[in-house]
Structures are given as structure tokens and as C-alpha cells.
Amino acid sequence: MSSDRIDAESKVSGNQANIPAQIRRELDIDDGDQLRWHLEDDGSIRVQVIQQQTGTFADFDGYAGKEPTDVTSDHDAWGVDVE
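Thresholds applied
Residues numbered from 1 in each chain as written. Predicted model: local features only at pLDDT ≥ 70, side-chain atom pairs only at ≥ 80, totals over all residues. Heavy atoms only, no water. Patch = residues over 30% accessible without salt bridge, like charges linked within 9 Å, V, L, I, M, F, W, Y side chains within 5 Å. Areas by Shrake-Rupley, 256 points an atom, 1.4 Å probe, with all protein chains shown as cover. Salt bridge = Lys/Arg side-chain N within 4 Å of Asp/Glu carboxyl O. Helix = DSSP H or I, 4+ residues; strand = E, 2+ residues; numbered from the N terminus. Buried < 20%, exposed > 50% of the residue type's maximum accessible area, 1.4 Å probe, protein only.

A. Examining a nonpolar patch on the surface more closely. On the surface, Leu35, Trp37, Leu39, Ile45 and Val47 cluster together into a nonpolar patch covering about 530 Å² of accessible area. Of all the elements in the fold, those that place two or more residues in the nonpolar patch are β3 (34–39) and β4 (45–50). Among the elements that take part in the nonpolar patch, β3 stands out by supplying 3 residues, more than any other. The topology assignment puts tryptophan 37 in strand β3. Tryptophan 37 gets classed as exposed once you look at its relative accessible area, which sits at 57%.

So this is what it looks like as C-alpha cells:
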């Protein structure tokens, strides 16, 4: 983050407020990120950016079952007992 302060304004519409583009870029805020709001004792608001995590399945090694599978034929029948 640069040492220069960024002052910006946005308008509230209904229950939503836009984050000015200059602030989004400086804080690297992207779709899917969350904002955590903190109301301070002096009436000011502090906002913490919670970045969306990626790579949720990065460590997933795949199916480790005993039976081989074929996704094209087994996809719709997975978990369904056929008599």
C-alpha cells in the first residue's frame, strides 16, 4: 500500500455502497472478497478486507476408492443403487 492517503467518496443506494475504484485497486479488492466492518468507540468505522481463498481443491488427489470409475458413464448414477 502506498504511503499517500486515498480520500474518496461513494453514494449509498438502498443497502449498498460502492467501493471507489481507486481504493479497490490499492487494497486489491476483487469479486468474492468480503468486507468485515468494525464500529469503533469513537464512532468511526474500520473495514477489514477478507480476500477470497483460492485453490480449495489444490491438495485433492482424486478418488481413492477400490473400484475404477468412468465419469462419462458413472456421473449421473453416482450414489444411486441400481438393482
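From this point, the discussion proceeds with the structure in view.
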